[in-house]
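Here are the chains, one letter per residue:
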Amino acid sequence: MSNRRIWVAGHRGMVGSALTRYLEARGDHVLKADRSVVDLRNQIAVEVWLKQNRPDAILFAAAKVGGIYANDTYPADFIYDNLAIETNIIHSAHAADVDRLVFLGSSCIYPKFAPQPIREDALLTGPLEPTNEWYAVAKIAGIKLCQAYRKQYNRRYISVMPCNLYGPNDNFDLQTSHVLPALIRKFHEAKKMGRSEVVVWGTGTPLREFLHVDDLARGVVFCLDNYDGYEHINCGAGSEISIRELAETVQRAVGYVGRLVFDTAKPDGTPRKIMDSSRLRALGWAPEISLEDGIAGAYRWFLANNEASREPELATAS
Ligand code: GDP
């Protein structure tokens with residue numbers, strides 16, 4: 001039982017809500033700042049709030065996030081919002097004398113053709129994947145901010161890089177979501193409407209690594225308690241799956257019997273993206289939720305929380 005006061009920045013999102021669930025179950029006190037109270041893009045608002053609340057640590061899960069289409073379509077939002085949020089929170093944490101912070105990045109920080117599985121030291125060794133370079137550049141800046149405040153001020157700010165995530169509170173909007181929630185929704189609606197086929201973007205050949213957000217939440221808090229290094233650290237599931245196999249797995253979980261059609265006019269993105277998470281594994285963290293169980297749980301969550309409020313006719317445009 002611990003009773004630290006921890007600010008989960010971005011507590012309403014998929015990652016932030018998983019962190020909040022996990023910390024509260026352990027007895028930590030989670031501080032939350034709603035958007036109506038603090039706009040994280042506003043430097044003054046963030047600094048005032050942090051100086052007033054002075055948490056023991058910050059788990060930095062606030063970000064503008066989205067799938068391949070959203071990243072490619074709204075580059076200015078992705079780079080500006082994320083850079084602003086990062087400079088505001090990390091600088092203000094220092095100004096408010098908050099000494100512990102865990103910044104969350106993404107596996108898209110790595111070069112498009114990085115050697116696989118991708119080790120932490122592949123950062124900045126080659127060009128990025130163009131569909132999400134705006135987000136990636138902002139996340140790389142976040143890592144560098146943590147390192148700069150550590151180097152100049154001895155702040156114990158660390159960075160954790162998750163692979164592709166999924167779970168409760170995911171975004172199921174087909175235009176802006178990532179692939180896994182999009183597939184859950186597409187198969188569910190096709191089943192419900194009796195459609196004969198489901199469209200999957202790209203060729204189906206890209207390989208991705210999927211981690212349940214509850215496993216990530218344990219990993220992030222594990223890092224807060226057990227890791228204090230200058231270099232960022234990878235947090236991945238350790239196995240990869242093609243988009244076609246993923247689609248077939250989701251199809252089985254949903255119980256849809258129609259055909260898969262691949263829309264090759266849509267981008268594939270980076271061909272392969274599996275991280276080497278052996279550093280974190282060696283420290284003692286390991287994922288616990290299998291992809292099959294996790295997808296079944298995510299589908300149950302979708303049915304309980306998302307489905308009723310959506311209009312299937314509109315939602316299936318892809
Ligand atoms: P990425 O890992 O940054 O590329 O992000 P995504 O999760 O958005 O996409 C992963 C892969 O899934 C890409 O190759 C997409 O083209 C593919 N994909 C297949 N169907 C879909 C879909 O309906 N939505 C999304 N977002 N991606 C899809």
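Use the structure listed above.
Anyway, here's the lowdown on the structure attached to this text. By convention here, each chain's residues receive numbers from 1 onward along its written sequence. Local features in this predicted model are restricted to residues whose pLDDT is 70 or higher, and side-chain atom pairs enter the listing and the counts only when it is 80 or higher, whereas totals over whole chains, interfaces and linings include all residues. For the side-chain quantities, the full set of heavy atoms in the structure was used; hydrogens and water were omitted.

## Thoughts on helix α10 (residues 291–305)
- Secondary structure is summarised from DSSP: a helix means a run of H or I of at least four residues, a strand means a run of E of at least two, and numbering begins at the N terminus for each. Helices are assigned an expected span. That span is 1.5 Å times one less than the residue count. The end-to-end C-alpha distance of α10 is 21 Å, a good match for the 21 Å that 15 residues give at a rise of 1.5 Å each.
- For α10, every residue scored as buried is listed here: L291, G294, I295, A298, Y299, W301 and F302. Taken around the axis of α10, the buried residues stretch over an arc of 160°, which confines them to a single face. Looking at α10, the residues exposed on the side facing more than 90 degrees away from the buried face are D293, R300 and A304.
- On its buried side, α10 packs onto β6 (164–166), α6 (179–193), β9 (210–212), β11 (241–242) and α8 (243–254). Think of it in three bands: with a 1.4 Å probe and only protein chains considered, a residue is buried below 20% of the maximum accessible area for its type, exposed above 50%, and partly exposed in between. Within this analysis, the arc is defined by the directions that extend from the helix axis to the C-beta atoms. Note on contacts: a residue pair is in contact if any heavy atoms of the two residues lie within 4.5 Å.

## Comments concerning the sheet that holds strand β10 (residues 233–235)
- Strand pairing is assigned whenever DSSP detects at least two bridges linking the two strands. Pairing is parallel across the open sheet formed by six strands, whose spatial order is β2-β1-β3-β4-β5-β10. The strands lining the two open edges of the sheet, one partner per strand, are β2 (29–31) and β10. Averaged over all adjacent pairs, the angle separating strand axes in this sheet is 25°, with direction ignored.
- In this sheet, strand β3 (residues 57–60) lies alongside strand β1 (residues 5–9) in parallel orientation, the contact comprising four bridges. Paired with V8 across the two strands is L59, which belongs to β3.
- Between N-to-C directions, angles span 0 to 180 degrees; the directions come from axes that are lines fitted to C-alpha atoms, helices contributing only their stretch in contact. Contacts from helix α5 (residues 133–153) reach β4 (100–104) and β5 (156–162), with the element oriented near 155° to β5.
- Running over the sheet, helix α7 (residues 213–226) touches β1, β3, β4, β5 and β10 and is turned about 145° from β4.

## Considering the packing of helix α1 (residues 14–26) against α7
- Where α1 contacts α7, the axes come no closer than 9 Å and their chain directions differ by 65°. Both α1 and α7 take part in a crossing whose hand is right-handed. In contact with M14, V15, A18, L19, R21, Y22, L23 and R26 of α1, α7 contributes V213, D214, L216, A217, R218, V220, V221 and D225.
- When the residues that make up the contact of α1 with α7 are grouped by side-chain class, the tally is eleven nonpolar, no polar and five charged. Note on convention: near helix rotated counterclockwise from far helix by under a right angle means a left-handed crossing. Clockwise means right-handed. All residues other than Ala, Val, Leu, Ile, Met, Phe, Trp, Tyr, Cys, Pro, Asp, Glu, Lys and Arg, Gly among them, are scored as polar; the first ten of these are nonpolar and the last four charged.

## Considering the sheet that holds strand β8 (residues 207–208)
- Within the open sheet, the three strands sit side by side as β11-β8-β13. Their pairing is mixed. Edge strands, defined here as strands with exactly one partner in the open sheet, are β11 and β13 (272–273).
- Pairing of β8 with β13 involves two bridges; the strand directions are parallel. By the bridge assignment for β13, R208 is matched with K273.

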